[in-house]
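# Chains, contacts and geometry: an overview
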Amino acid sequence: MKLIFSLLLAFCVGSTSLFAQDYQAFLMKDMVAIESGKYKTTGYSIITFSDGHTLQVKSYAEAPASGVISRDHFVALFSILAHSIGDEFTKGDEGAKSKDVDELIGNPDVVINCFMTKNGIQVEIKTNQGTNRQTMKWSDLF
């Protein structure tokens, strides 16, 4: 009995340590680059539905790096929009799961673009059925 408990404890401690290392690397990764005076970020995820069908999603956002939005709010708004829109694709499928990945396998099925300017935000969703854009002034959003 002691041997089984010791092995289980060793496995749990080892797994926790590996899990913690994965999260440490994740937390240390810089999500935002500043290029040509703009914040830019890209995220990738794969949605797996109950029937095994998958959907690859590429999310992108950009905003001026000064005078419009803070880096923290840029990341928060991008994350909320990307995950909320991704969740729309899984409505009605309680078994669907989404996982963030470092890169896609081939081409994305869905592209979500968020363009933030001093006047507002435009969210663009591209699928094989076409492109849908919604533009909002900041004052309408908040």
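These numbers were taken from a predicted model, which means no experiment stands behind them. (Residues numbered from 1 in each chain as written. Predicted model: local features only at pLDDT ≥ 70, side-chain atom pairs only at ≥ 80, totals over all residues. Heavy atoms only, no water.)

## Thoughts on the pairing of strand β2 (residues 38-48)
Spelled out, the test is: If DSSP finds at least two bridges between two strands, the strands pair. Each helix is a run of DSSP H or I of at least 4 residues and each strand a run of E of at least 2, with the numbering of both proceeding from the N terminus.
Pairing between strand β1 (residues 33-35) and β2: three bridges, direction antiparallel. In the strand pairing of β2, Ile 34 is matched with Tyr 39. Turn length for the β1-β2 hairpin, with the two strands adjacent in sequence and antiparallel, is two residues, and the turn residue Ser 36 shows positive phi of about 50 degrees. Sheet topology note: the β2/strand β3 (residues 54-64) ladder contains 11 bridges and is antiparallel. Across the sheet, Thr 41 pairs through a bridge with Ala 61, a residue of β3. In this structure, the hairpin formed by β2 and β3 is closed by a connection of five residues, where Gly 52 is found at a positive phi of approximately 95 degrees. Where β2 meets strand β4 (residues 97-101), five bridges bridge the pair, whose relative direction is antiparallel. Residue Thr 48 lies in a different strand from β4, and its bridge partner there is Lys 97.

## Looking at unusual backbone geometry
We apply this condition: Classification of residues uses two cut-offs on accessible area relative to the type maximum, computed with a 1.4 Å probe and protein chains only: under 20% is buried, over 50% is exposed, and between them is partly exposed.
A positive phi angle, close to 50 degrees, is found at Ser 36, a residue other than glycine. Its location among the elements puts Ser 36 in the loop between β1 and β2. Ser 36 sits in the exposed class, given a relative accessible area of 76%.

## A closer look at helix α2 (residues 71-88)
Put simply, the rule reads: One less than the residue count of a helix, multiplied by 1.5 Å, gives the span that helix is expected to have. It is the directions from the helix axis to the C-beta atoms that the arc portrays. Contacts are assigned to residue pairs with any non-hydrogen atoms lying within 4.5 Å of each other.
Here α2 spans 26 Å end to end across 18 residues, near enough to the 26 Å set by a 1.5 Å rise per residue. Those residues of α2 lying buried are Phe 74, Leu 77, Phe 78, Leu 81, Ala 82, Ile 85 and Gly 86. Viewed along the axis of α2, the buried residues span an arc of 150 degrees, placing them on a single side of the element. Facing away from the buried side of α2 by over 90 degrees, the exposed positions are Asp 72, His 73 and Ile 80. Those residues of α2 that are buried are in contact with β2, β3, β5 (110-116), β6 (120-127) and α3 (138-141).

## Here's the deal with the pattern of salt bridges
Keep this limit in mind: Definition used for salt bridges: Asp or Glu carboxyl oxygen within 4 Å of a side-chain nitrogen of Lys or Arg.
In the structure shown here, the tally under the stated rule is five salt bridges. Between Arg 133 and Glu 124 there is a salt bridge, with the nearest N and O atoms lying 2.7 Å from each other. Since its relative accessible area comes to 6%, Glu 124 is described here as buried. A network of salt bridges, in which partner residues are shared, links Glu 124, Lys 126 and Arg 133.

## Let's talk about the packing of aromatic side chains
Operational definition: Two rings from Phe, Tyr or Trp (for Trp, the six-membered ring) form a pair when their centres are within 6.5 Å of each other. A pair whose planes differ by under 30 degrees is stacked, one over 60 is edge-to-face, and the rest are tilted.
All told, the structure shown has two aromatic pairs when counted by the stated rule. Between Tyr 39 and Phe 74, the ring centres sit 5.4 Å apart and the planes meet at 35 degrees, which makes this aromatic pair tilted. Note that Tyr 39 is positioned in strand β2 and Phe 74 in helix α2, a separation of 35 residues in sequence.

## Let's talk about the side chain of Ser 45
For Ser 45, the position within the fold is in strand β2. Contacts of Ser 45, omitting those with residues within four sequence positions, involve Leu 55, Gln 56, Val 57, Ser 98, Lys 99, Asp 100, Val 101 and Leu 104.

## What about the environment of Met 116?
By secondary structure assignment, the location of Met 116 is in strand β5. A C-alpha to C-alpha distance of 7.6 Å links Met 116 and Ala 61, two positions 55 residues apart in sequence. With residues near it in sequence (within four places) discarded, Met 116 still touches Ala 61, Glu 62, Ala 63, Pro 64, Ile 69, Phe 74, Leu 77, Phe 78, Ile 121 and Trp 138.

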